[in-house]
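So the chains spell out like this:
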Amino acid sequence: MDLSNLSAIGAPPVTTNASKSAPWRIGALVLLAALVIVPLVVGTDSYIVHLLMTAFIFATLGHAWNLMAGYGGMLSVGQQVFIGIAGFSEAILIYYAAAPLVAVWIFAGLVPLAFAALLVAPMGIRWPLRRSWALVVFFCLVAGYEIAVTVKPELDIFGDNFTRRAFLLLFLFLGGLPLLRLRGAHFAIATWLIAESVATIFSGWPLAGAGGGMQVNADVDLLTLYYLALGLVAVVTLGIFLWMRSTFGLALMAVRDDEDAAASSGIDVMRIKMSIFLISAFVTGLAAGLYFMDAMIITPASGFSISWSSYVVFVVVAGGMGTVSGPLIGAIVFVVVDRILGQMSGQGQLVLGLMSIALMLLLPQGLAGLFGRSMRRRTHLIPFLRSPSISGEGQ
Amino acid sequence: MTTEDFYWALIDLANGLMTGATLGGYYALISVGLALTFGVMKLVNLSHGDWLIVAAYLAVVILGLYPVSPFWVLLPLVPMMFVIGYVLQRGLLNRVSTFAVERRGLSPIMAMMLPLLITFGISTVLSQALQLVFSTNAQTIRNDYSFSAIALSQDLSISTLRLGFLVLAAVLIGALALFIQRTHIGRAIRATSDDAEIAALMGMRTAHVYGVASGLSLMFAAFAGFMIGMSRSFQPFDGPPYLLTAFGVVVIGGLGSLGGCFLGGIVLGITQVLAGTYFGPAAQQLAGYLLILLVLAARPQGLFKR
Amino acid sequence: MTRILEVTNLTKSFGALTVAKDVSFDVAEGEVLGVIGPNGAGKTTLFGMLSGHITPSSGTVRFGGKDITTTPPHRRAQLGIGRTYQVPKPFGQMTVEQNLRVAATFAGQMDQRTADQWIGETLALTGLSAHAGALAGGLPLLVRKRHELARALAMRPRLLLIDEVAAGLTEEEVSAFITMVKSVRSLGIAVVWIEHVIRTMLTATDRLMVLADGQIVAVGSPEQVMALPETRRIYLGA
Ligand SMILES: Nc1ncnc2c1ncn2[C@@H]1O[C@H](COP(=O)(O)OP(=O)(O)OP(=O)(O)O)[C@@H](O)[C@H]1O
Ligand SMILES: [Mg+2]
């Protein structure tokens, strides 16, 4: 099956055609093999290896966002909350427990997953329990914390009183928030608010460096990170590819197109949304975990920066929303623009922003749409510039 | 509790309520532009906050060139921002309006996402461009009013600037409401916001109307940016928090309603100031965000709608 | 005959506005119940409460002998309640065939083979076979309405709720729909059918129910109900 054809927004998923799939499978395997060999050819400490690793990480982040926005119709501009939490969890585990690499990495995925679970948990519980759920979360947090502090005073991670209360309060609110019921701009802003709130907490948390940031001394060499990132992106790509061809993919697209009709057609809309939200958080956490092991330092400003969202949006929009190949293509463009051109000019993000605006106008289906769909799609190459836009003008 | 304690508790509360309420005018002015574009074309402009900062920087630049009394800067600034808004809408945002996207045969999901993604991109571009031109140093519009206050009693006082801005906000929002009710283009805006397709069928130039709405939106951003510059310092990356606050005010006040902005602003202002009074300055921002999240979750139609 | 749907004292208010007041009625297995009533009578809201999208303020809904008042919409679909929407809600970015497959897979819980076969039959019955590969979002209005019906049928429901398919269609198109409803009934599927243009549905309904201001004004055989002064007042006098 043609990877780039797979269910672009605006194109139906192509029904499986076994005879067509062979060249693509071989192509993908060859590419994977080539990427495995690259470090051996160019040298294990080469800049190219580092660039490729960065591309893998951003492709994975793109996949995670694409899963929510491109497939699920949930536009998040708060992915940085998972990124920041992953980075800090990792830093904390290394600094306080000196845990081994694999444990640290898994932890970086699990903590954002747990946070996401906390966010969506109220949706999984039927109405009558919703309010009490928030209370249960609140009391568990408070009780657990107080007991822990009584037993071991040095665990008092929140320092002064206010931060502690605010922290617990935050979780109380988030625990009661029906986040996934929000749509469109409301969902986007809510995710952004959550990210900002959590960032505020981390800026004052003594355990996490009290705003000054932490070192991430993972003691890992570039080559290991490279292969971990390659493995991650390969597994995630394959997973999404297979997932979208399963009945789950069918359900996901139905939910994206119309939630009410999807429910009337027997789909548990909330379960679908919860699953992609959780998976997105987990995958984002794993990718961010690798990123910060390489960066070796994290601050609240860098971990929770809104720039993460603009990067990820660029990666997916440039590649093609709602496609499997989109984030892969987009990540390559991203690395070229931001890391290569950007480092020369010092204005990577400005260029990225301008490019993403231009791409959305000229090529809303992304580059994958350009490569994927023969010449037919090319006639729509410049859809927004050719004719006036909204009703009333030029008629 | 002694009478003395009680007195000070009361003073704290009174100060908090008063500061919060005057802060309401400030927030109303910040958010009215967002409410306008939301009400008229269902557009949530994610770059709204950055435009406030752009306006503040423009004010500083103009005052640098012509060192007059700061209020004069509004004379060129406001029309300038109007023009920017109009051009931005006609040149860019109209091309991703719901109609444009649907007419292009893209899915409704794209129609929902493209405007958000584009304005998010604009937000990045604006803040990066500001950083490129002005570096990250904090700036402010120098003026003699920043620290002046009107004393109501020995222990109660109110910032002159804040009070001034409360009045300014009330006057401006009143003027906007009148403009929308009384003028021809105002009526066109209302008709378009009710049903753009019908308005277009009736011969209204929707593209122009949207342009004017966006122009007005940025015009208010000019006032708000000026006000921000007058009362605190600002940096290139300060936009997003203003956007979040503005969106919160719009949601609390009931989406798209102008009077609601005022009420929403006052509610948010009081919440923040009281949180700041009782939990320390760190809590101020957080309390605001949490209030907005709570309203989004529990009453997305706003606090004041039935 | 056994009752497939039993509605008792269903009431719904939006704030001060009461849209359904003590609505009680039954639907027998294999029966077609017509529902008519002026704009804003609460017909669509009633469907919302039957399909689970709207939670009633009070009252109960029983389906196949089970209380489903608090059952979420997707569970009700799986139990066998299919509905169409007054304003069609296709999965716009999927083909007609895929739309039907969603319903057959998730609500009908059919395996691939059964689904293939049933989807084929449904397409033929609704006259959509020629459109099977078309994107549902791009269908013209008439086809869109057929598609709406087809998707609800594709789950092979036990009870089908149809919300105003005839509005805006020509005489011929309407009679095509009536034929479809008749064949649906011959499959043993019970139908509740909301319609505005009453004449169109009379030949296909076993019973007719008149709803006004959220209350049942009359129920009975179509001839009886149409002869009642209340019905005439609502439809002719208003
Ligand atoms: N979510 C809601 N909130 C408030 N009022 C509502 C809501 N949904 C419906 N209503 C009101 O309930 C009343 C009944 O609406 P409903 O759509 O059920 O009528 P209907 O009989 O289907 O009308 P029509 O023939 O126009 O389809 C209307 O007055 C409508 O405005
Ligand atoms: Mg109706």
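Read on for a plain summary of the structure. (Residues numbered from 1 in each chain as written. Chains lettered and ligands numbered in written order. Predicted model: local features only at pLDDT ≥ 70, side-chain atom pairs only at ≥ 80, totals over all residues. Heavy atoms only, no water.)

1. What about the overall build of chain A?
Here is step 1 of the chain: A count of helices and strands for chain A gives 17 helices and two strands.
Here is step 2 of the chain: Each of the 395 residues in chain A was classed as buried or not, and the buried ones make up 59%.
Here is step 3 of the chain: Across chain A, contacts joining residues at least 24 apart in sequence account for 76% of those joining residues at least 6 apart.
Here is step 4 of the chain: Approximately 15200 Å² of chain A is accessible, and the part contributed by carbon and sulfur atoms is 70%. (Helix = DSSP H or I, 4+ residues; strand = E, 2+ residues; numbered from the N terminus. Buried < 20%, exposed > 50% of the residue type's maximum accessible area, 1.4 Å probe, protein only. Contact = heavy atoms within 4.5 Å. Areas by Shrake-Rupley, 256 points an atom, 1.4 Å probe, with all protein chains shown as cover.)

2. Here's the deal with the sheet that holds strand S5 (residues 66–67) of chain C
Residue and element names in this part refer to chain C.
Here is step 1 of the chain: Spatial ordering of the open sheet is given by S2-S1-S4-S5, a layout of four strands whose pairing is antiparallel. Each end of this open sheet is capped by a strand with a single partner; those strands are strand S2 (17–28) and S5.
Here is step 2 of the chain: Where strand S1 (residues 3–14) and S2 come together, eight bridges link them in antiparallel fashion. Among the inter-strand pairings, Leu5 is bridged to a residue of S2, identified as Val27.
Here is step 3 of the chain: Helix H1 (residues 43–51) rests against S1, S2 and strand S4 (58–63) of the sheet, and its axis sits at about 120 degrees to S1. (Pairing = 2+ DSSP bridges. Axes fitted to C-alpha atoms, helices over the stretch in contact; angles between N-to-C directions.)

3. What about a nonpolar patch on the surface?
All names here are of chain A.
Here is step 1 of the chain: On the surface, Leu29, Leu32, Val36, Ile37, Leu40, Val41, Val42 and Ile48 cluster together to form a nonpolar patch covering roughly 710 Å² of accessible area.
Here is step 2 of the chain: No other element matches helix H1 (residues 18–42), which puts seven residues into the nonpolar patch.
Here is step 3 of the chain: Among the secondary structure elements, Leu40 is positioned in helix H1. (Patch = residues over 30% accessible without salt bridge, like charges linked within 9 Å, V, L, I, M, F, W, Y side chains within 5 Å. Salt bridge = Lys/Arg side-chain N within 4 Å of Asp/Glu carboxyl O.)

4. Digging into the interface of chain B and chain A
Here is step 1 of the chain: Between chain B and chain A, the residue contacts involve 55 residues of the former and 58 residues of the latter.
Here is step 2 of the chain: Counting the surface lost from both chain B and chain A, the interface buries some 5200 Å², and carbon and sulfur atoms represent 79% of this.
Here is step 3 of the chain: Linking chain B to chain A there are zero salt bridges.
Here is step 4 of the chain: Our enumeration of links across chain B and chain A arrives at one residue pair in polar contact (both at pLDDT 80 or more).
Here is step 5 of the chain: Where the side of chain B that touches chain A is concerned, the elements lending two or more residues are helix H4 (98–103), helix H5 (108–134), helix H9 (206–231), helix H10 (239–252) and helix H12 (282–298) of chain B.
Here is step 6 of the chain: Ranked by residues supplied to the side of chain B that touches chain A, first place goes to H5 of chain B with 16 residues.
Here is step 7 of the chain: Split into classes, the residues belonging to the side of chain B that touches chain A amount to 43 nonpolar, seven polar and five charged. (Buried area = accessible area lost by both parts, 1.4 Å probe. Polar contact = N/O pair within 3.5 Å; in protein donor to acceptor, adjacent residues only side chain to side chain. Nonpolar A, V, L, I, M, F, W, Y, C, P; charged D, E, K, R; others polar.)

5. Section: the site of ligand 1
Residue and element names in this part refer to chain C.
Here is step 1 of the chain: Close to ligand 1 lie 14 residues; Asn39, Lys43, Thr44, Thr45 and Gln86 are nearest.
Here is step 2 of the chain: Here an oxygen atom of ligand 1 sits 2.9 Å away from a polar atom, N or O, in the main chain of Gly42.
Here is step 3 of the chain: Contact between ligand 1 and Gln86: an oxygen atom at 2.8 Å from a side-chain N or O atom of the residue.
Here is step 4 of the chain: Protein contacts shield 61% of the accessible area of ligand 1, which totals 640 Å² for the unbound molecule.
Here is step 5 of the chain: Top element by residues in the shell around ligand 1 is H1. It accounts for three residues.
Here is step 6 of the chain: In the shell around ligand 1, the residues fall into five nonpolar, seven polar and two charged. (Near = heavy atom within 4 Å.)

6. Re the coordination of the magnesium ion (ligand 2)
Residue and element names in this part refer to chain C.
Here is step 1 of the chain: At this site the magnesium ion (ligand 2) is bound by Thr44 (OG1) and Gln86 (OE1), with donor distances of 1.8 to 2.2 Å. Residue Thr44 is located in helix H1, and its partner Gln86 is located in the loop between strand S6 (81–83) and helix H3 (96–106); the two are separated by 42 residues in the primary sequence.
Here is step 2 of the chain: Judged by its relative accessible area of 34%, Gln86 is partly exposed. (Donors = N, O, S within 2.8 Å, 3.2 Å for Na, K, Ca; no water.)

7. Focus on empty space enclosed by the protein
Here is step 1 of the chain: Across all of its chains, the model carries six cavities of 30 Å³ or more by this definition.
Here is step 2 of the chain: The calculated volume of the largest cavity comes to roughly 80 Å³.
Here is step 3 of the chain: Residue lining of the largest cavity: 13 residues in total, with Ser310, Gly353 and Ser356 of chain A together with Gly121 and Thr124 of chain B positioned closest to the centre.
Here is step 4 of the chain: Contributing elements (two or more residues each) for the lining of the largest cavity: helix H13 (307–319) and helix H15 (348–362) of chain A together with H5 of chain B.
Here is step 5 of the chain: Split by residue class, the lining of the largest cavity holds seven nonpolar, six polar and no charged.
Here is step 6 of the chain: Its boundaries defined by the atoms lining it, the second largest cavity holds a volume of some 60 Å³.
Here is step 7 of the chain: Lining the second largest cavity we find Met68, Ser76, Gly78, Gln79, Val81, Phe82, Leu119, Leu179, Thr191, Ile194 and Phe277 of chain A.
Here is step 8 of the chain: The set of elements that each furnish at least two residues to the lining of the second largest cavity consists of helix H3 (80–97) and helix H7 (184–203) of chain A.
Here is step 9 of the chain: Its residues placed into classes, the lining of the second largest cavity shows seven nonpolar, four polar and no charged. (1 Å grid on protein atoms, 1.4 Å probe; cavity = no way out; pocket = protein on both sides within 12 Å on 5 of 7 lines; lining within 4 Å. Points joined across faces, edges and corners; volume = space filled by probe spheres on them.)

8. Describing the packing of aromatic side chains
Residues and elements named next belong to chain A.
Here is step 1 of the chain: Per the stated rule, a full pass over the model turns up 24 aromatic pairs over all chains.
Here is step 2 of the chain: When the ring of Phe58 is compared with that of Tyr311, the centres are 5.8 Å apart and the planes differ by 85 degrees; the resulting orientation is edge-to-face. Residue Phe58 is located in helix H2 (residues 47–71), and its partner Tyr311 is located in helix H13; the two are separated by 253 residues in the primary sequence. Exposure class is identical for Phe58 and Tyr311. Each is buried.
Here is step 3 of the chain: Clustering of aromatic rings is evident, with ring pairs tying together Phe58, Tyr291, Phe292, Trp308, Tyr311 and Phe334. (Phe/Tyr/Trp six-rings, centres within 6.5 Å; stacked < 30°, edge-to-face > 60°.)

9. Here we look at unusual backbone geometry
All names here are of chain C.
Here is step 1 of the chain: Not every positive phi belongs to a glycine, and Asn9 is a case in point at roughly 50 degrees.
Here is step 2 of the chain: Note on Asn9: relative accessible area 42%, which makes it partly exposed.
Here is step 3 of the chain: In this model, Arg156 sits at a positive phi of 50 degrees, which is unusual for a non-glycine residue.

10. Considering the environment of His147 of chain C
All names here are of chain C.
Here is step 1 of the chain: Within the secondary structure layout, His147 lies in helix H5 (residues 141–154).
Here is step 2 of the chain: Once the C-alpha coordinates of His147 and Asp206 are considered, the two residues, 59 residues apart in sequence, prove to be 25 Å apart.
Here is step 3 of the chain: Discounting residues that sit within four places of it in the chain, His147 has contacts with Pro90, Val96, Asn99, Leu100, Leu128, Ala136 and Leu139.

11. Observations regarding the side chain of Thr323 of chain A
Here is step 1 of the chain: Structurally, Thr323 of chain A can be placed in the loop between H13 and helix H14 (326–345).
Here is step 2 of the chain: With relative accessibility at 1%, the residue Thr323 of chain A sits in the buried group.

12. Points about a negative patch on the surface
Here is step 1 of the chain: There is a patch of like negative charges on the surface, built from Glu102, Asp194, Asp195 and Glu197 of chain B.
Here is step 2 of the chain: Secondary-structure assignment places Glu197 of chain B in helix H8 (residues 196–201). (Lys, Arg positive; Asp, Glu negative; His and termini not counted. Charge placed at Lys NZ, Arg CZ, Asp CG, Glu CD.)

13. Looking at the packing of H2 of chain A against H13 of chain A
Residue and element names in this part refer to chain A.
Here is step 1 of the chain: At their nearest, the axes of H2 and H13 sit 9 Å apart, and the two run at 85 degrees to each other. Here H13 runs roughly perpendicular to H2, going by the angle between their axes. The residues of H13 that touch H2, namely those facing Phe58, Leu61, Gly62, Trp65 and Asn66, are Trp308, Tyr311, Val312, Val313, Val315 and Val316.
Here is step 2 of the chain: In terms of residue class, the contact of H2 with H13 is built from nine nonpolar, two polar and no charged. (Parallel < 35°, antiparallel > 145°, perpendicular 65-115°, else oblique.)

14. Considerations on the environment of Phe277 of chain A
All names here are of chain A.
Here is step 1 of the chain: Within the element layout of this structure, Phe277 appears in helix H11 (residues 269–295).
Here is step 2 of the chain: Classification of Phe277 as buried rests on a relative accessible area of 2%.
Here is step 3 of the chain: Taking C-alpha positions, Phe277 is 20 Å from Ala234, a pair spaced 43 residues apart along the chain.

15. With respect to the side chain of Lys145 of chain C
All names here are of chain C.
Here is step 1 of the chain: Of note, Lys145 is situated in helix H5.
Here is step 2 of the chain: We note that Lys145 is buried and unpaired, the nearest opposite charge coming from Glu164 at a distance of 6.6 Å.
Here is step 3 of the chain: Ignoring sequence-local partners within four residues, the contact set of Lys145 consists of Pro88, Glu164, Val165, Ala167, Leu169 and Phe177.

16. Examining the pattern of salt bridges
Here is step 1 of the chain: Applying the stated rule across the entire model yields twelve salt bridges over all chains.
Here is step 2 of the chain: Measuring nitrogen to oxygen at the nearest pair gives 2.7 Å for the salt bridge that ties Lys273 of chain A to Glu259 of chain A. Residue Lys273 of chain A is located in helix H11, and its partner Glu259 of chain A is located in helix H10 (residues 259–264); the two are separated by 14 residues in the primary sequence. Both residues of the pair, Lys273 of chain A and Glu259 of chain A, belong to the buried class.
Here is step 3 of the chain: A salt bridge links Glu31 of chain C to Arg207 of chain C; its shortest N-O distance comes to 2.5 Å. Here Glu31 of chain C, found in the loop between S2 and strand S3 (32–36), pairs with Arg207 of chain C, found in strand S9 (residues 207–212); they are 176 residues apart in sequence, far enough to count as distant.
Here is step 4 of the chain: Taking relative accessible area as the criterion, Glu31 of chain C reaches 9% and is therefore assigned buried.
Here is step 5 of the chain: The exposure class of Arg207 of chain C is partly exposed, given its relative accessible area of 26%.
Here is step 6 of the chain: Residues joined by salt bridges that share partners form a network here, namely Arg183, Glu259 and Lys273 of chain A.

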